[in-house]
Amino acid sequence: MTGQYEVTFAGFGGQGVMVAGQLLAYSGIEEGKNAVWIPSYGPEMRGGTAYCTVVISDKRIGSPIINSPRAVCIFNPPSYEKFVPRVKTGGLAIVNSSLITLTTERTDINEIRIPANDLAIEAGNVKATNVAMLGAFIGASGVVGYDTVKRILEAKMGKKKSVLDINMRVLEQGFQFAGEAMRKGSRV
Amino acid sequence: MTGQYEVTFAGFGGQGVMVAGQLLAYSGIEEGKNAVWIPSYGPEMRGGTAYCTVVISDKRIGSPIINSPRAVCIFNPPSYEKFVPRVKTGGLAIVNSSLITLTTERTDINEIRIPANDLAIEAGNVKATNVAMLGAFIGASGVVGYDTVKRILEAKMGKKKSVLDINMRVLEQGFQFAGEAMRKGSRV
Amino acid sequence: MTRILMKGNEAIAEAAIRAGAIYYFAYPITPQNEVGEYMARRLPEVGGVFVQAESEVAVGNMLFGAVASGKRVFTSSSSPGISLMQEAISYMAGARLPVVLINIMRGGPGLGGILPSQADYFQSTKGGGHGDYRVLVLAPSTLQEAVDLTMLAFHLADKYCNPTMVLADGMIGQMMEPVEFPENYVEEPVPPKDWATTGCQGRAPIIIKSLALDPVVLEKNNLVLAEKYKLMKRDEIRFEAYKINPKNRILVVSYGTMARICQTVIDELEQENISVGLLRPITLFPFPAKEILAEAIKPNIESVLTVEMSMGQMVEDVEWAVKDKKPVEFYGRTGGIVPTPEEVKDYIMKILAKETPAVKSWNG
Amino acid sequence: MTRILMKGNEAIAEAAIRAGAIYYFAYPITPQNEVGEYMARRLPEVGGVFVQAESEVAVGNMLFGAVASGKRVFTSSSSPGISLMQEAISYMAGARLPVVLINIMRGGPGLGGILPSQADYFQSTKGGGHGDYRVLVLAPSTLQEAVDLTMLAFHLADKYCNPTMVLADGMIGQMMEPVEFPENYVEEPVPPKDWATTGCQGRAPIIIKSLALDPVVLEKNNLVLAEKYKLMKRDEIRFEAYKINPKNRILVVSYGTMARICQTVIDELEQENISVGLLRPITLFPFPAKEILAEAIKPNIESVLTVEMSMGQMVEDVEWAVKDKKPVEFYGRTGGIVPTPEEVKDYIMKILAKETPAVKSWNG
Amino acid sequence: MPGIIIDKGYCKGCELCVKACPQQILSMSKEITNRGYFSAQMHDPSRCIGCQICALVCPDAAITVVTHGQRYVLYDY
Amino acid sequence: MPGIIIDKGYCKGCELCVKACPQQILSMSKEITNRGYFSAQMHDPSRCIGCQICALVCPDAAITVVTHGQRYVLYDY
Amino acid sequence: MNESTHAIFTRPQSFRDVVTHYCPGCTHGVIHRLVAEVLDEFGIRGRTVGVAPVGCGVFIYNYFQTDFLEAPHGRAPALATGLKRVSPELIVFTYQGDGDLASIGTAEIIHAANRGEKFTTIFVNNAIYGMTGGQMAPTTMPGQITTTSPRGRNVEECGYPIRMAELLSTLRTPAYIERVAVHTPQNIVRAKKAIRKAFQYQIDGKCFSLVEVLSTCPTNWGLTPNESLNWLEKTMQPYYPLGVFKTPDAEEQK
Amino acid sequence: MNESTHAIFTRPQSFRDVVTHYCPGCTHGVIHRLVAEVLDEFGIRGRTVGVAPVGCGVFIYNYFQTDFLEAPHGRAPALATGLKRVSPELIVFTYQGDGDLASIGTAEIIHAANRGEKFTTIFVNNAIYGMTGGQMAPTTMPGQITTTSPRGRNVEECGYPIRMAELLSTLRTPAYIERVAVHTPQNIVRAKKAIRKAFQYQIDGKCFSLVEVLSTCPTNWGLTPNESLNWLEKTMQPYYPLGVFKTPDAEEQK
Ligand SMILES: Cc1ncc(C[n+]2csc(CCOP(=O)(O)OP(=O)(O)O)c2C)c(N)n1
Ligand SMILES: Cc1ncc(C[n+]2csc(CCOP(=O)(O)OP(=O)(O)O)c2C)c(N)n1
Ligand code: SF4
Ligand code: SF4
Ligand code: SF4
Ligand code: SF4
Ligand code: SF4
Ligand code: SF4
Ligand SMILES: [Mg+2]
Ligand SMILES: [Mg+2]
């Protein structure tokens, strides 16, 4: 990756979108890049949609305010409607197909639909949905290296071996899934 | 009286200096003049010296702040030291000689020493000291008419006949005393 | 109409009652205690209410509740007390409520003193509370004007649905002067108070609030407020021009009691054939900036002198108004010291002799 | 030094601890709660104290008591909470105490919202409390700067014995960015705290107060304060010049996160061969007025654009600084809406095309 | 026959009614609502006694209780 | 012989000591002090028992009590 | 259900058709409903003005069909005082959390009660600052873990939880003060009765009235809604005993 | 008096040689002296910091030979909290009037007491706002005439006087709380003992301590100093009973 990359993670509160963004930001730093993570904040947002945006760049990051990110990771239906229209032309949408059946009319972006909830439940913990989505995102975007994210996961979740294992598994599944999709899919 | 006249009343808290000033201001208004009464205010002043200044004028009164009044009415020793030096050249000092033995070196003002406490005690109430001083002041200055002050006294103290009577008596005594002193004394 | 000799604080209290404000909430503080004491005596006679609150924080919020009912309500206090009301004022501004506040200023900062001061100019005109709001500020210079502006304050508050303050120094509160009350007081009509929370029988519920988690909604409210402030700037600027004429060599800008002192100086200088004019802002917000500029640029004016009982606060607005077209000088005393006519005159003479310091006040 | 990814609120908290401020008094409020939560975890490790107060009024006054002992103490809060501290701040300014306050601003007025805003500029720079005083105000634009300025705030507070505020919008508090903490942090020496109330054993009693019924004494204190403010103006003005060069057609003045957004715009315009420079005040009081004027009068500059997350507050100081030498334009969003680079760019293009409205903001 | 109506628009799937129902005839559905909750449902309507306890404990006033007969008295002032 | 010293610089003539003295040997002087007060005085020194009650009630700590002998115990902690 | 069925339990008329923002299982919702039912039963909706707090209850005005004011944090009793004093014909109530009433608003509630202001306060004690994300409140239980007491509330440092019903009951001015809870159907019924009584005293112009309601905060307690009801009963209720603390009828003889 | 006489009662060493600003006969002066005597007796003058109120007691720092802070009106307990928490080795006391402590400073004193802050409060209850010229306080007696209750305090409108010692004693956190008076020599001696005990608890690091002292305000009561002592006894004392309300030793079992 060169230049600046922006991605928004969006879903219900409790789906782990904030953590997914943070893991990505940590990975960016780990690779010596600059990174900014900005949440939609406040417990008053409770019950509604939660989202965060991560900016990763080789250079000084100016505006942390991103209206049109290069990518979105969409965890739930309301976020699909809200954020897919905002993706930059040529950008990327990772969509949690376990919960989302909606579709878009946009043809100028690359959409990857991954059954993240199902993968996580299969792996043993629905809470790993966010890591499945993160895996898919880096698989498709290559913004940070797969090994970097693994290192970060180990550092941040290393305490509970069982939890880490599940997350490592879904990270890989997501990564592979998106990688293949990208190879198959025609980039716009 | 024409033009603007300023007089400061000063004494211990409790000697009635504020009321003396107000009676004068009321009298000024009664005669259709403009009048301003400004206190040294705040109960925090308690125990110290209390004073007020009255400005009476035919015209619009500009600054209510008077550093050098044309006259002072001095009720107690500390005020003597503080205020006598401030009187304008050619001005007037009414001094409560019952309590004050201090003297001034100024020869450019007219000093009238009146045993106001004694007059009041004699008349039956030490609280009438202030009216004795007021009587002396108007006797010496003629800023407002004697009858005007009498009318004001009646209006303000008329409720208690005995109190009014005492005050009327000392007012007259003060007025007479100062009038005579002025006739005798050489004005500067 | 009869002229009555009254203490400023009492005159203000009576003026409020005459304007129909018979609901008063306050906490004692020198030098304005006579307002409350007068209200305590008078309000039962007119069917009004005086609640002595437990603090100024509570006062600000009692006003909030009371004014929401659509009635005319007010408080009086002095500097530290007004500081404690800043949160409530910000809320009432945000909720667009026509509350009236009287600030009889004393020396600060902190507990300071109890003598007259004008050091709350910034607090009142710029907004001592948080957020994008303004308070309409009226500054009387005589007791008669204190009466008139107090009555006007209720009118303007209702007209704009905005917190409105009468800002006066301790001298206005403490001195006595004859005043007249208008006999048959009639106001221009004010907008109907259809926003008041009077119970929703027969209509949709009314909610008076300042919260808007959606920033689009909050911004919209702020734009409505900004619109009001623009209207005030257009329609409500008030000032007095005293002996302003083409011969003026100096334009003095001063407000409140301080302006009276400047008038005495101007009168005296006139005797000495030195022509000085005074522009006295009566509304401090909205500020008569254009009017000051218009006078300042007149050819004969050598400089503009701002005189304040502060370390220099309004002078920033005067400089802002004058835009460097003329030098702006400043003379101020602070902490309860009232500049005397002599001092002000001396300073003017120094200006004319070009002897004033290069750096004025703390803005320097 | 290692770069750690941290949330702004936590970075500020850690910075304070690194500057030796291990005494923290606060009351929860969004969007700065992470400061207190971090302190609650960290302070026991470093032998510090965190008292969660009953209110922000109490917070202000606990700070007052604690800072009087000569220790480094601070609080963090957000807009409404800061309004409630105005009385205490005025007192501490009057008593000359080096307290540090962090304001993570949210949209107002009133309860407003919890999203980023810069609408407390007036409150913090002009003094939201009563009386003649000023607060030294520092405005970070990145998290690294938030760390650095927080540490500096304690130093400057001690140097001038003056309340000092770090003023940041909610975004600074909520976002994460990598930061570094200085490894061997050494400060310039600060004056000895011989004014602290540590018990009078072996010396004369010390009284920390702000009351002076004698106006001569009170004025003297105000003059001492004014002297400090002048020194600050002389020695402490801080700003960043971004891409300022003789080709600039527009000078942007903006602070905090807003300035970062302007930097993005400036970078983009540079690509399009439109030269715009940014002067970013880091100290809001003292304000870099001369520096702004010096840039504004450069021949190529067509106008000065102030961009704020408010209805227009700093713009008054910019106008004051620019003295009508160049037109001053204003662009602002409010109530939690953060202007996007696109909007700002559009506005700059409008200015260049002379299409902006005649009246800007509520000052108009 | 008494019965209840659970309004899925209000239900947040808190399970308070499930635990409180003396007949134990309520349970959680597997279907996710628009708001992301699994709402409550009645799995054995025939056993409902119309006691209103589910409605009483529901924090979201999501439950309406209906009946043919006498109103069961909840409050006796 | 016990006795008291009234410091006229402190005395404000409040008369509390006069009323409190069990021996009734204090009274008000007719002389006005610098501060405008009539201070307290002892009119019968010989009867003073050194009980310190006058000093105890004096709000201005204007009274010193002296004695030759044993200290009368006021406080027993 | 056939045609002839009729509803015996429905959403109160004083409610709007709006889904609340409360977390699943949060008993704020139950307390709202009880207040709404009382307004319905007395038929006073149209002359009632509520005063909302700052706290999770702030949006109460979105759920009621009544006029409402939104107070600054802790100051609802001052607003209610102002409003009721100038409009005594209105029915005025405040709805306040424990951070709001027992911390920042301590002075305001005590003095409103002490002056005997004729309004009603519904005091929702959930032993935590809900809205701001779970900080310690003055009502937080000893040992309770919150974001600002990560090692549990230490009574040596922070003191014991404050019992507002008891505190207010020591005031000499007549008042009606009761503490209730909403963790069981029985308690909910009792809570409703208390709220009804509180409004009755106001309608009669008798006195200040306050009902403290022990409530849950599953989100910040870190428990499921049902576990929360249990925690309320096991941990809070022994420290915060339920019952009537003061009535104006049996005025204290102190 | 000859050479060998010695003083058995003198101005305390902790006093300065300064005449107070208090009105003649105002018992603020007595209370000052008692505090100064206690500082002398414990020898803690050099490590004591007082916190002055806003009220007639504001100038206390001019009369003591100790360090002092001057608090905003009502906030002395917050300053004392801040100071004592960062400098626990100091002895810290606040001196507050009834307007200061029982009105504007209600929240601060209650929460300092509830947190169990280890400082001492001397609370001077004279049933009026002295310094500002005699307005009604929350402690003003029913029917008492003040400048803001010119027809006498009306309990229907303003409620009954607030009893702070009783109120604070309901808090669960250990504390020492006693009410005394200074209108007779006997009571002055008892007051001194209470103040001594209060400081003792602080010196031992035990608890928050507060002594409420019934005091006079001849000026604003409109009575002579001796009449004032009488009024205190006849009017105030029955409503404000003297005694120990709370000790940390006999901790409540509630
Ligand atoms: C002056 C001020 N301080 C702080 C806040 C932040 N704040 C909002 S809600 C709240 C506490 C809420 O707790 P509580 O009153 O117990 O209500 P709950 O959410 O638990 O129902 C706080 C501190 C604020 N809005 N205003
Ligand atoms: C914020 C604020 N509000 C009000 C005042 C004015 N004020 C000064 S002293 C005082 C009351 C004093 O009464 P009390 O505390 O009972 O003390 P006392 O004088 O009776 O000893 C008041 C209201 C102030 N200085 N600051
Ligand atoms: S009405 Fe009673 S029995 Fe029927 S579902 Fe509800 S709780 Fe169960
Ligand atoms: S109690 Fe109400 S909200 Fe909770 S699960 Fe049952 S119906 Fe749904
Ligand atoms: S010591 Fe006792 S007897 Fe002697 S004067 Fe004093 S009170 Fe009277
Ligand atoms: S008690 Fe003290 S102040 Fe009062 S009269 Fe006696 S000596 Fe004087
Ligand atoms: S945070 Fe707690 S109190 Fe607030 S809505 Fe959620 S559960 Fe209820
Ligand atoms: S006003 Fe009252 S309390 Fe104040 S000094 Fe005078 S008598 Fe004492
Ligand atoms: Mg709560
Ligand atoms: Mg008092």
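All residue numbers here refer to positions counted from 1 along the written sequence of the relevant chain. Labels follow written order: the first chain is A, the first ligand is 1, and so on. This being a predicted model, a pLDDT of at least 70 is required before a residue's local features are given, and a value of 80 or more before pairs of side-chain atoms are given or counted; all residues contribute to the totals for chains, interfaces and linings. Here the side-chain values reflect all heavy atoms present in the structure, with hydrogen atoms and water set aside.

### Quick look at the sheet that holds strand β1 (residues 6-9) of chain G
At least two DSSP bridges between two strands are needed for those strands to be called paired. By definition, any uninterrupted DSSP run of H or I lasting at least four residues is a helix, any uninterrupted run of E lasting at least two residues is a strand, and each is numbered from the N terminus. Strands sit in the order β1(E)-β4(E)-β1(G) across an open sheet of 3 strands; the sheet is antiparallel. Each having just a single partner strand, β1 (3-6) of chain E together with β1 of chain G make up the two edges of the open sheet. On average, each strand axis in the sheet is tilted by 40° relative to the strand beside it, whichever way the strands run. Pairing geometry for strand β4 (residues 63-67) of chain E and β1(G), over 3 bridges, is antiparallel. Residue pairing across strands places Val65(E) opposite Phe9(G), the latter belonging to β1(G). Fitted lines through C-alpha atoms give the axes, limited to the stretch in contact for helices. The angle between two N-to-C directions lies from 0 to 180 degrees.

### As for the relation of the copies chain C and chain D
When chain C is brought onto chain D, the operation consists of a screw motion whose angular component is 180° and whose axial shift is 0.0 Å, with 0.0 Å RMSD remaining. Both chain copies can therefore be described as sitting about a two-fold axis. Rotation axis and chain C: the residue whose C-alpha lies nearest the axis is Gly128(C), separated from it by 1.7 Å. Mapped onto chain D, 100% of the interface residues of chain C again fall at the interface, so both copies present the same surface. When the copies are superposed, the least-squares fit draws on C-alpha atoms of residues that have pLDDT of at least 70 in both. Contacts are residue-level and defined by heavy atoms, with any inter-residue pair within 4.5 Å sufficient.

### Things to note about the interface of chain C and chain D
With 67 residues of chain C in contact, the opposing surface of chain D contributes 67 residues. Put simply, buried area is the surface a 1.4 Å probe can reach on two separate parts but cannot reach once they are joined, added for both. For the pair chain C and chain D, the two sides together bury roughly 5,800 Å², of which 59% comes from carbon and sulfur. We define a salt bridge as a side-chain nitrogen of Lys or Arg found within 4 Å of a carboxyl oxygen belonging to Asp or Glu. Taken together, chain C and chain D are joined by 10 salt bridges. The salt bridge partner of Lys126(C) is Glu316(D), with a shortest N-O separation of 2.9 Å. Under this definition, polar contacts are N or O atom pairs within 3.5 Å; protein pairs additionally need one hydrogen-donor-capable and one acceptor-capable atom, and for neighbouring residues in sequence, both atoms have to be side-chain atoms. On the surface where chain C and chain D come into contact, there are 40 residue pairs in polar contact (both at pLDDT 80 or more). For the side of chain C that touches chain D, the secondary structure elements donating two or more residues are α4 (79-83), α5 (86-94), α6 (121-127), α9 (215-235) and α12 (314-322) of chain C. The nonpolar class holds Ala, Val, Leu, Ile, Met, Phe, Trp, Tyr, Cys and Pro. Asp, Glu, Lys and Arg form the charged class, and all remaining residues, Gly among them, are polar. Along the lines of polarity and charge, the residues of the side of chain C that touches chain D split into 25 nonpolar, 27 polar and 15 charged.

### Section: the coordination of the magnesium ion (ligand 9)
Each donor-metal-donor angle in an ideal tetrahedron of four donors is 109.5 degrees, and each such angle in an ideal octahedron of six donors is either 90 or 180 degrees. Residue and element names in this part refer to chain G. Around the magnesium ion (ligand 9), the protein supplies Asp98 (OD), Asn126 (OD1) and Ile128 (O) as donor atoms, at distances of 1.9 to 2.1 Å. Here the donor residues of the magnesium ion (ligand 9) share one chain and are spaced in sequence as D-x27-N-x1-I. Of this pair, aspartate 98 sits in helix α3 (residues 98-104) while isoleucine 128 is found in the loop between β5 (120-125) and α5 (155-158), placing the two residues 30 residues apart along the sequence. Note that water is not among the atoms considered, so a metal site may appear incomplete; the donors listed are N, O and S atoms within 2.8 Å of the metal, with 3.2 Å applied to Na, K and Ca.

### Considering helix α10 (residues 256-271) of chain C
All names here are of chain C. Here α10 spans 24 Å end to end across 16 residues, near enough to the 22 Å set by a 1.5 Å rise per residue. Counting buried positions along α10 yields 12 of 16 residues, so the element is predominantly enclosed. Exposure classes here rest on a 1.4 Å probe applied to the protein chains alone. A residue is buried below 20% of its type maximum, exposed above 50%, and partly exposed in between. Within α10, the full set of buried residues consists of Gly256, Thr257, Met258, Ala259, Arg260, Ile261, Cys262, Gln263, Thr264, Val265, Ile266 and Leu269. After α10 finishes, the residue asparagine 273 shows a positive phi value of roughly 65°. A helix is expected to reach a length of 1.5 Å times the quantity of its residues less one.

### A look at the packing of aromatic side chains
We call Phe, Tyr and Trp rings a pair once their centres come within 6.5 Å, taking the six-membered ring for Trp, and we label the pair stacked below 30 degrees between planes, edge-to-face above 60, and tilted otherwise. Scanning the model with the defined rule gives 50 aromatic pairs over all chains in all. Within the aromatic cluster, the residues linked to one another by ring pairs are Phe15(G), Phe59(G), Tyr61(G), Phe64(G), Phe68(G), Phe93(G) and Phe199(G). The ring of Tyr26(A) has Lys156(A) lying over it, and the distance from NZ or CZ to the ring centre is 3.7 Å. We call a charge positioned above a ring when the Lys NZ or Arg CZ atom is no farther than 6 Å from the ring centre and deviates by at most 35 degrees from the ring normal. Positioned above the aromatic ring of Tyr239(H), the side-chain terminus of Arg163(H) is 4.2 Å from the ring centre.

### So, the site of ligand 3
Any residue with a heavy atom lying within 4 Å of a molecule or strand is counted as near it. Near ligand 3 you find Ile4(E), Cys21(E), Pro22(E), Gln23(E), Ile25(E), Met42(E), Cys48(E), Ile49(E), Gly50(E), Cys51(E), Gln52(E) and Cys54(E), and these make up its full shell. The residue makeup of the shell around ligand 3, split by class, is 9 nonpolar, 3 polar and no charged.

### A few points about the coordination of the magnesium ion (ligand 10)
All names here are of chain H. Protein-derived ligands of the magnesium ion (ligand 10) are Asp98 (OD), Asn126 (OD1) and Ile128 (O), with the metal-ligand distances lying across 2.0 to 2.1 Å. All donors to the magnesium ion (ligand 10) come from one chain, and their sequence spacing reads D-x27-N-x1-I. Of this pair, aspartate 98 sits in helix α3 (residues 98-104) while asparagine 126 sits in the loop between β5 (120-125) and α5 (155-158), and the two are 28 residues apart along the sequence. Accessibility expressed as a relative area gives 2% for aspartate 98, which makes it buried.

### A closer look at the site of ligand 5
As a structural note, the neighbourhood of ligand 5 is formed by Ile4(F), Cys21(F), Pro22(F), Gln23(F), Ile25(F), Met42(F), Cys48(F), Ile49(F), Gly50(F), Cys51(F), Gln52(F) and Cys54(F). Among the residues making up the shell around ligand 5, the classes are represented as 9 nonpolar, 3 polar and no charged.

Remember that the coordinates give geometry; whether it matters functionally is a separate question.
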